[in-house]
Amino acid sequence: MSWYRDMATDCMVVQGDHVRAIGWLSDKHPFPAGDVPVEFLVRLKEFCRRWGHGVDALGWGMFRGRHRCELCGECVAGGNIGVPADDVLFAAPEMVAHYVETHRYAPPAEFVAAVLSAPLPGTPEYAEAVAAFREIELRKFGEL
Ligand SMILES: [Zn+2]
């Protein structure tokens, strides 16, 4: 999987001033580690479980191919999640939950707060929260 710096405005699935990349880890780059609130990990796992609903609502293309965790070689995942926070969209690989749980990856506080407060993918509230971001993607691909 490609590496992107946390809070970068581009990553494999989405690019733009509104984008904040999170958790695109690699074994070639050090990353912050530490404790996170338990409720954050629980909710992050739920976001990852629902990633397919999220991709639909976000208007993201499907990215084929599954990736193996470079840090342990144990976990394989291929989805991506988007977490909205006002005019910013955090974009992370589905494997971000594994990074937090198994490798003690500590994402930026802004992302932790967003996961705790954003509606879950698959709900009308989520679709509403990401509607503006979806429009950006559809315009990019000439579908609007
Ligand atoms: Zn791993």
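The notes below deal with the structure included here. (Residues numbered from 1 in each chain as written. Predicted model: local features only at pLDDT ≥ 70, side-chain atom pairs only at ≥ 80, totals over all residues. Heavy atoms only, no water.)

So, about helix α1 (residues 38–49). For α1, spanning twelve residues, the distance from its first C-alpha to its last is 17 Å, which sits close to the expected 16 Å at 1.5 Å a residue. For α1, every residue scored as buried is listed here: Phe40, Leu41, Leu44, Phe47 and Cys48. For α1, the arc enclosing every buried residue in end-on projection is 120 degrees, short of the 170-degree limit, so these residues lie on one face. Projecting away from the buried face of α1 at angles above 90 degrees are the exposed residues Val38, Val42 and Arg49. Those residues of α1 that are buried lie in contact with α2 (51–58), β4 (80–85), α3 (96–103), α4 (109–117) and α5 (124–129). (Helix = DSSP H or I, 4+ residues; strand = E, 2+ residues; numbered from the N terminus. Expected span 1.5 Å × (residues − 1). Buried < 20%, exposed > 50% of the residue type's maximum accessible area, 1.4 Å probe, protein only. Arc of directions from axis to C-beta. Contact = heavy atoms within 4.5 Å.)

Further remarks concern the side chain of histidine 18. As for its position among the elements, histidine 18 is in the segment before β1 (19–21). Residues in contact with histidine 18, not counting those within four places in the same chain, are Asp87, Val88, Leu89, Phe133, Ile136 and Glu137.

Within β4, five of the six residues are buried, leaving the element largely enclosed by the surrounding structure. Where β4 lies against strand β5 (residues 88–93), six bridges are found, and the strand directions are antiparallel. Paired with glycine 82 across the strands is alanine 91, a residue of β5. Linkage of β4 to β5, two consecutive antiparallel strands, is achieved through a turn of two residues, within which aspartate 86 is found at a positive phi near 55 degrees. (Pairing = 2+ DSSP bridges.)

Turning our eyes to something else, we now look at empty space enclosed by the protein. All told, the structure shown has one cavity of 30 Å³ or more when counted by the stated rule. Of the voids in this model, the largest cavity is the one considered here, and its volume is about 40 Å³. Around the largest cavity, the lining residues are Met1, Met12, His67, Ala77, Gly78, Gly79, Asn80, Pro93, Glu94 and Met95. Tallied by class, the residues present in the lining of the largest cavity amount to five nonpolar, four polar and one charged. (1 Å grid on protein atoms, 1.4 Å probe; cavity = no way out; pocket = protein on both sides within 12 Å on 5 of 7 lines; lining within 4 Å. Points joined across faces, edges and corners; volume = space filled by probe spheres on them. Nonpolar A, V, L, I, M, F, W, Y, C, P; charged D, E, K, R; others polar.)

What follows concerns α3. With six of eight residues buried, α3 is to be regarded as a mostly interior element. Within α3, the full set of buried residues consists of Val96, Ala97, His98, Tyr99, Val100 and His103. The secondary structure elements touched by the buried residues of α3 are α1, β4 and β5. At the C-terminal side of α3, arginine 104 shows a positive phi close to 60 degrees.

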